[in-house]
Amino acid sequence: MIWSKEETLSRKEIEEIQLSRLQETVSRVYEKVAPYRKKMNDIGLKPEHIKSLKDLSKLPFVVKQDLRDNYPFGYFSVPKEDLIRIHASSGTTGKPTVVGYTKNDLEMWTECVTRIACMGGATEKDVAQICFGYGMFTGALGLHYGLEKLGAVIVPSSTGNSEKQIMYMKDFGTTLLVATPSYALRLAEVANEIGVDPKKDLKVKIGLVGSELLTDAMRDEMHKYWGDDMLVTSNYGMSELIGPGVSGECEMLDGMHINEDFFIPEIIDPQTGEVLKEGEQGELVITCIKKEGIPLIRYRTKDITRLNYQPCKCGRTFCRMDNLSGRSDDMLKIRGVNVFPSQIEEVILNVNELGPHYEIIVEREGYSDKLSIRVELKNSTDSYSELERIKNTVKNRLRVVLGLDAKILLESPNTLQRFEGKAKRVKDLRSK
């Protein structure tokens, strides 16, 4: 099902909407947001210079640090009394990034998420269990309001107490699960531990997963636990942009449709900032063209992807972004080689004897980097030859993918930490 007619507009119609909204947004932030005005004045740029979509590249970038430097409300374009909600990031690496929503912003956000829920196969007949943490994090409330607008029954179970989550799924007849990929797998593990078979005893047939990278290997792992007929789609967003709702996969599983009437995407070279040609991989930059509270222009997401402007077989014409390859700030440089955790995950999840839980450890010995990977076995074994075979399989496959040797540490089942929210897979100890 396609939720709104805007999702099937022609490219010409989409670009006309984008230009009109971009020009209005640039004029508004230049007038009302001092940090934007300074950035533009520093390069001699005025709102009237934005005459076409190509002129977007003339505008300066905004990065997360800009929001922290102007904490809490320096990038807002409306007075605080015009807001009806405030969210913020966790702020684990500095000041939290604060975002605010007007009444119109919340209506737009709900519209975006409703579209994405429909793309992922949701209908008004679903019972949707939301296993994101409610609070300052935007994920839970974003999916909650979008699915509620669609007409689904909402089970706002949040995170934690996984056995009770399984009880709710069984007793309420949950058909749609909202969670991170790693927590969805954890829930399936817990179900099996308490004698509930997710494939036979539960009715969950749709997974709207987000907040973490979803690789093809992780999707396959979800099917192993929840069943081959479970439709698992990824959706994308971040609190600075709006929360979930920027883009999402449809049932074709051929990239995430971006809500282009509200967001203009670009792909840039993360080193030079140069805009790349269509189809080239680089860092995703998003411009918000309808937000009132905090409309970000050319926000550098740090996420690595590529764009596809060909119409989708589902009938939607919005451009699609590939599922993320990783983040430019998550990239590890090990002995001169660029390594993304997603590359390691792909290898691990394609070894049948290994489970989906792992930890990447990078240390420095003398003047050389050392890469170690802790990963769980699916089943315990005391056979030394079998353990060595598995280790060598992983090591050899990683060498082919990364061009590096890694120390493989095989752990017993249920040894590594489980995550209810976003999984933390990497320990980079080199600075210590």
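In case you missed it, the structure is sitting above this.
Residues numbered from 1 in each chain as written. Predicted model: local features only at pLDDT ≥ 70, side-chain atom pairs only at ≥ 80, totals over all residues. Heavy atoms only, no water.

(A) Expanded view of the overall build of the chain. Secondary structure assignment for the chain yields 10 helices and 21 strands. For the chain, the C-alpha radius of gyration of 22 Å lies close to 22 Å, the compact-globule estimate for 432 residues. Summarising its shape, the C-alpha atoms of the chain cover approximately 70 × 55 × 40 Å along the three principal directions. Relative to its full complement of 432 residues, the chain shows a buried share of 54%. Counted over contacts in the chain with a minimum sequence separation of 6, partners at least 24 positions apart contribute 68%. Of the roughly 18900 Å² of accessible surface on the chain, 49% is carried by carbon and sulfur atoms. Considering the chain, the positive charge centre built from 61 side chains and the negative charge centre built from 64 side chains are found 3 Å apart. (Helix = DSSP H or I, 4+ residues; strand = E, 2+ residues; numbered from the N terminus. Rg over C-alpha atoms; globule rule 2.2 N^0.38 Å. Buried < 20%, exposed > 50% of the residue type's maximum accessible area, 1.4 Å probe, protein only. Contact = heavy atoms within 4.5 Å. Areas by Shrake-Rupley, 256 points an atom, 1.4 Å probe, with all protein chains shown as cover. Lys, Arg positive; Asp, Glu negative; His and termini not counted. Charge placed at Lys NZ, Arg CZ, Asp CG, Glu CD.)

(B) Representation of the sheet that holds strand 9 (residues 256–258) within the structure. Strand order in the open sheet formed by 9 strands is 4-3-5-6-7-8-9-14-13, with mixed pairing between adjacent strands. At either end of the open sheet lies a strand with only one pairing partner, and these are strand 4 (153–155) and strand 13 (307–308). Of the pairings in the sheet, the one linking strand 7 (residues 231–238) to strand 8 (residues 243–249) comprises 4 bridges and is antiparallel in character. Bridging across to strand 8, Asn235 finds its partner in Gly248. Contacting strand 6 (206–209), strand 7, strand 8 and strand 9, helix 4 (residues 103–119) runs over the sheet at an angle of about 30 degrees to strand 8. (Pairing = 2+ DSSP bridges. Axes fitted to C-alpha atoms, helices over the stretch in contact; angles between N-to-C directions.)

(C) Local environment of the side chain of His223. Relative to the helices and strands, His223 resides in helix 8 (residues 216–226). When sequence neighbours within four positions are dropped, the list of residues in contact with His223 reads Lys199, Asp228, Met230 and Val232.

(D) Examining the packing of helix 9 (residues 341–349) against helix 10 (residues 384–402) more closely. Here helix 9 crosses helix 10 at 145 degrees, and the two axes come no closer than 10 Å. For the crossing formed where helix 9 meets helix 10, the hand is right-handed. On the side of helix 9, the interface is formed by Gln343, Ile344 and Val347, while helix 10 contributes Val394, Arg397, Leu398, Val401 and Leu402. Its residues assigned to classes, the contact of helix 9 with helix 10 comprises 6 nonpolar, 1 polar and 1 charged. (Left-handed = near helix turned anticlockwise from the far one by under 90°. Nonpolar A, V, L, I, M, F, W, Y, C, P; charged D, E, K, R; others polar.)

(E) Representation of the nonpolar core within the structure. Ranked by size, the top nonpolar core spans 66 residues in total, and within it Leu59, Leu147, Phe263 and Leu296 carry the most contacts. Broken down by element, the residue count for this core peaks at 7 residues, all from helix 4. Once residues lying within four places of it in the same chain are set aside, the contact partners of Leu147 are Ala117, Ala122, Ala128, Ala152, Ile154, Leu176, Val178 and Leu208. Judged by nonpolar contacts, the second largest core, of 25 residues, contains Met169, Val209, Leu214 and Val232. (Core = buried A, V, L, I, M, F, W, Y, C linked by side-chain atoms within 4.5 Å.)

(F) Region of the structure containing the sheet that holds strand 20 (residues 407–411). Read across the sheet, 4 strands follow the order 20-19-18-21 without closing on themselves; strand pairing throughout is mixed. Every interior strand has two partners, whereas the edge strands, strand 20 and strand 21 (426–428), have only one. Across the sheet, the mean angle separating the axes of adjacent strands is 15 degrees when strand polarity is ignored.

(G) Examining the pattern of salt bridges more closely. In total, this model carries 35 salt bridges according to the counting rule given. Across the salt bridge formed by Glu6 and Lys5, the nearest N and O atoms sit 3.3 Å from each other. On the basis of relative accessible area, Glu6 is assigned to the partly exposed category, the value being 22%. By relative accessible area, Lys5 is classed as exposed at 64%. Between Arg115 and Asp261 there is a salt bridge; the shortest N-O distance is 2.9 Å. With Arg115 in helix 4 and Asp261 in the loop between strand 9 and strand 10 (263–268), this pair connects stretches of sequence that are 146 residues apart. Looking at Asp261, the relative accessible area reads 5%, which means it is buried. The network of salt bridges with shared partners includes Arg186, Glu189, Glu193, Glu376 and Arg418. (Salt bridge = Lys/Arg side-chain N within 4 Å of Asp/Glu carboxyl O.)

(H) Summary view of the environment of Val29. Residue placement: Val29 occurs in helix 1 (residues 11–32). In this structure, the C-alpha to C-alpha distance between Val29 and Ile294, residues 265 residues apart in sequence, is 9.0 Å. If sequence neighbours within four positions are ignored, Val29 has contacts with Tyr36, Pro295 and Ile297.

(I) Spotlight on helix 6 (residues 162–172). Where helix 6 is concerned, the buried positions are Ser162, Gln165, Ile166 and Met169. Here the buried residues of helix 6 occupy an arc of 100 degrees about the axis, which is enough to place them on one side. The elements touched by buried residues of helix 6 are strand 3 (127–130), strand 5 (176–179), helix 7 (181–193) and helix 8. A positive phi of about 70 degrees marks Gly173, the residue just after helix 6. (Arc of directions from axis to C-beta.)

(J) Representation of the side chain of Glu376. Within the secondary structure, Glu376 sits in strand 19 (residues 368–377). A polar contact is formed between the side chain of Glu376 and the side chain of Arg418, at a distance of 2.4 Å. Setting aside anything within four residues of it in sequence, one finds Glu376 in contact with Glu353, Leu354, Gly355, His357, Glu411, Ser412, Pro413, Asn414, Thr415, Leu416 and Arg418. (Polar contact = N/O pair within 3.5 Å; in protein donor to acceptor, adjacent residues only side chain to side chain.)

(K) The arrangement of a nonpolar patch on the surface in detail. Together, Phe73, Ile86 and Met136 give the surface a local cluster of nonpolar side chains, amounting to about 240 Å² of exposed area. Within the element layout of this structure, Phe73 appears in the loop between helix 3 (64–69) and strand 1 (85–88). (Patch = residues over 30% accessible without salt bridge, like charges linked within 9 Å, V, L, I, M, F, W, Y side chains within 5 Å.)

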